[in-house]
Amino acid sequence: MMFKLYKRNVCYPCLALALVFLFCSGIPTPEKKQLAEQMEFSIQHELLNKWYPLSVDNEYGGFLSTFTDDFKPTGQQDKMIVTQARHVWSNAKAAEFYPNNPEYKKSAHHGFLFLKDVMWDKQYGGFYTLVTRKGEVKESGLGVKVAYGNAFAIYALAAYYQCSGDTAALNLAKKTFAWLEKFSHDPVHKGYFQHLQRDGTPVVRTASTPVTAETGYKDQNSSIHLLEAFTELYHVWPDPLLAERLREMLYLVRDTITNPDGYLILFFQNDWTPVSVRDSSRDFILHRHNLDYVSFGHNVETAYLLLEAAEALGMKDDPTTLKKAKRMVDHALKNGWDDKVGGFYDEGFYFKDSSGIRILRDTKNWWAQAEGLNSLLMMSDYFPNDELKYYEKFKLQWDYIQKYLIDHVNGDWYAAGLDKEPNMKTALKGQIWKGTYHVFRALTNCAERLDPDVTAPTAPSKLQFDRDKDAGSLVWHPSTDNKIVLGYNIYQGNERVGFTPLNYFPIASMSKQGQGEFVIKAVDLHGNESGPSNSITR
């Protein structure tokens with residue numbers, strides 16, 4: 001839609017109102033389109049093309065993790081479940097966004113095989129935390145197995161199924177969820193135990209556990225990423241127990257782990273009593289501050305994850321969740337934001353004898369800036385007239401990222417903003433905790449939000465039951481879309497019982513008994529859902 005502005009006979013108040021309407025109505029302005037194009041360029045030419053296929057380990061499987069600042073492989077190349085899973089997720093999502101490049105789906109499949117054949121414990125179940133490049137299990141500072149790592153495995157497996165339709169990936173995701181349910185889930189106090197022995201037994205803190213260790217505590221980081229993983233899995237597997245656990249984690253993160261002031265408590269006893277050192281001396285606090293501080297990056301990230309989970313559960317724009325998400329972003333802006341050049345600081349702390357918060361680390365790690373970019377734009381859509389001016393801060397954040405974080409020569413982002421840590425210019429570009437996940441997710445989310453696709457796919461047609469295909473399947477004629485059809489939601493009555501990117505779905509894959517009336521609806525990358533296909537009764 002084009003708006004022409006004339007020099008004569010203009011009602012300026014009306015023009016101003018029209019521009020406000022244009023800005024707030026979801027219609028992309030030229031500025032927003034330009035920003036979306038900048039981010040799209042950065043995704044394709046300063047991120048994905050640098051990592052893939054370079055990081056694909058064709059000798060031992062999975063992905064290489066460690067690269068110099070100019071993207072030369074270096075070091076032992078140990079492989080952590082988190083890194084490997086995130087690379088699978090990134091390639092699976094890239095395959096959806098850029099279907100004309102077959103390398104992404106190929107790389108996602110390559111990574112999936114490493115997860116399935118090497119990192120999954122075939123004797124006790126669950127994913128190992130760390131292996132050598134060749135796949136030999138190694139000791140890890142996190143532990144042999146952790147809920148956090150298994151959460152990212154679910155996240156990756158669900159994404160790979162979503163792009164490929166490979167039911168082996170979906171089945172392994174279900175198996176991992178069941179393993180967590182059996183060993184990690186706390187049926188009494190809810191949530192999940194983070195540290196697990198090889199056989200799945202939760203690790204318990206003892207008198208010999210170092211006071212600075214995280215071992216045996218429940219924590220926010222594994223909780224928010226279990227929330228994230230369950231959200232991703234629920235998109236492709238609408239299982240009732242999974243829905244229950246997703247809702248449980250949403251309420252737990254929103255109402256218990258996030259305190260009333262709007263920031264996350266980091267660690268907890270098993271009954272969700274917070275681990276706090278605030279009543280201690282300053283020296284003791286600084287010695288143990290890894291267990292109790294304000295992480296501005298996790299706060300802005302969690303704001304997004306809460307709203308994403310609520311939407312998946314059919315609670316889109318839930319006022320309680322939206323209020324808490326806004327409070328988290330607002331707290332980070334008011335207490336951990338650099339008003340001069342942009343960027344969120346790493347850590348703060350509320351000392352008992354001080355008013356307000358003290359910044360413990362004013363550095364700006366890369367992932368927090370990516371998450372902040374995403375959440376600022378999200379808040380600007382929800383609250384375009386808020387006094388905190390989210391959109392202006394979003395633009396400042398993007399300027400900051402382009403100036404201090406993106407390596408426009410060698411590609412990807414520096415590990416931290418050069419305004420605070422100029423030495424990061426020659427630091428490792430990739431390492432076991434740093435891949436493409438945070439940056440790719442943030443930039444794609446922002447590009448889509450800036451230039452949204454509001455056109456739904458056409459409805460699937462000619463739905464029928466084929467007894468000869470996969471022991472009985474629903475089959476239909478594919479839909480079309482102005483951009484890309486992501487896949488198809490399968491409904492039994494009014495309940496969504498499955499998803500597939502293919503144009504058929506086995507009855508045996510349904511979460512409910514395959515009897516009743518069925519319809520199919522297509523969905524695109526932006527979440528627009530088509531009208532229903534014809535219905536059939538079985």
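Please refer to the structure higher up on the page.
Residues numbered from 1 in each chain as written. Predicted model: local features only at pLDDT ≥ 70, side-chain atom pairs only at ≥ 80, totals over all residues. Heavy atoms only, no water.

The subject of this paragraph is the sheet that holds strand β10 (residues 461-466). Read from one edge to the other, the open sheet built from three strands follows the order β10-β11-β14, with strand pairing classed as antiparallel. Each of the sheet's edge strands pairs with one partner strand only, and the pair in question is β10 and β14 (504-506). Shown here is a sheet whose adjacent strand axes are inclined to one another by a mean of 15°, direction ignored. (Pairing = 2+ DSSP bridges. Helix = DSSP H or I, 4+ residues; strand = E, 2+ residues; numbered from the N terminus. Axes fitted to C-alpha atoms, helices over the stretch in contact; angles between N-to-C directions.)

To continue, consider the nonpolar core. When a protein is soluble and globular, its nonpolar side chains tend to lie buried together. Ranked by internal contacts, the top residues of the largest apolar core, which has 154 residues, are Met39, Phe127, Phe230, Leu233, Phe394, Trp413 and Leu474. It is helix α5 (residues 147-164) that provides the largest number of residues to this core, a total of 14 residues. Ignoring sequence-local partners within four residues, the contact set of tryptophan 413 consists of Trp366, Ala370, Ile401, Leu405, Ile406, Asp407, Lys429, Lys434, Val439 and Leu443. Formed by 10 residues, the second largest nonpolar core is a distinct cluster that contains Val275, Val277, Ile285 and Phe349. (Core = buried A, V, L, I, M, F, W, Y, C linked by side-chain atoms within 4.5 Å. Buried < 20%, exposed > 50% of the residue type's maximum accessible area, 1.4 Å probe, protein only. Contact = heavy atoms within 4.5 Å.)

On to the layout of surface pockets, then. Estimated volume of the second largest pocket: approximately 990 Å³. Surrounding the second largest pocket, 37 residues form its lining, Asn221, Tyr293, His298, Trp367 and Trp433 being those nearest its centre. Put simply, the parts of the chain that give the lining of the second largest pocket at least two residues each are α7 (220-236), α10 (296-312) and α12 (366-382). Partitioning the lining of the second largest pocket into residue classes produces 14 nonpolar, 15 polar and eight charged. (1 Å grid on protein atoms, 1.4 Å probe; cavity = no way out; pocket = protein on both sides within 12 Å on 5 of 7 lines; lining within 4 Å. Points joined across faces, edges and corners; volume = space filled by probe spheres on them. Nonpolar A, V, L, I, M, F, W, Y, C, P; charged D, E, K, R; others polar.)

This part is about unusual backbone geometry. Geometrically, the link from tyrosine 52 to proline 53 is a cis peptide bond, its omega value of 10° lying close to zero. Residue position: proline 53 is located in the loop between α2 (30-51) and β1 (79-80). In this structure, lysine 190 is a non-glycine residue whose phi angle is positive, near 75°. By the secondary structure assignment, lysine 190 is in the loop between α6 (167-184) and β4 (195-196). You can call lysine 190 partly exposed: its relative accessible area is 34%. Of note in the backbone geometry, lysine 389 takes a positive phi value of approximately 50° without being a glycine. With respect to the helices and strands, the residue lysine 389 is situated in the loop between α12 and α13 (390-404).

Here we take up the pattern of salt bridges. A side chain with one charge can pair with a side chain of the opposite charge if their charged atoms come near. Taken as a whole and judged by the stated rule, the model has 32 salt bridges. A salt bridge links aspartate 117 to lysine 116; its shortest N-O distance comes to 2.8 Å. Judged by its relative accessible area of 41%, aspartate 117 is partly exposed. For lysine 116, a relative accessible area of 29% puts it in the partly exposed group. A salt bridge links glutamate 228 to arginine 441; the nearest nitrogen and oxygen atoms lie 2.2 Å apart. Residue glutamate 228 is found in helix α7, and its partner arginine 441 is found in helix α14 (residues 437-450); the two are separated by 213 residues along the sequence. The same class applies to glutamate 228 and to arginine 441, which are both buried. What emerges from the salt-bridge pattern is a single network uniting Asp57, Glu59, Lys79 and Arg133. (Salt bridge = Lys/Arg side-chain N within 4 Å of Asp/Glu carboxyl O.)

Turning our attention to the sheet that holds strand β8 (residues 347-349). One open sheet accounts for three strands, arranged β7-β8-β9; its pairing is antiparallel. Each edge of the open sheet carries a strand with a single partner, namely β7 (294-295) and β9 (358-361). Here three bridges tie β8 to β9, and the two strands are oriented antiparallel to one another. Note that in β9 the partner of glycine 348 across the bridge is isoleucine 359.

This part covers the packing of aromatic side chains. With the rule as written, the count across this model stands at 30 aromatic pairs. Between phenylalanine 112 and tyrosine 160, the ring centres sit 5.2 Å apart and the planes meet at 25°, which makes this aromatic pair stacked. With phenylalanine 112 in helix α4 (residues 102-119) and tyrosine 160 in helix α5, this residue pair connects regions lying 48 residues apart in the sequence. No difference in accessibility class separates phenylalanine 112 from tyrosine 160, as the two residues are buried. Among the aromatic residues, those joined into a cluster by ring pairs are Trp89, Phe97, Tyr98, Tyr104, Tyr148, Phe152, Tyr155, Trp433, Tyr437 and Phe440. For the cation-ring pair, lysine 326 lies above phenylalanine 383, with the distance from its terminal atom to the ring centre recorded as 5.3 Å. Positioned over the ring face of tyrosine 491 is lysine 521, at 4.8 Å from the centre of the ring. (Phe/Tyr/Trp six-rings, centres within 6.5 Å; stacked < 30°, edge-to-face > 60°. Lys NZ or Arg CZ within 6 Å of the ring centre and 35° of its normal.)

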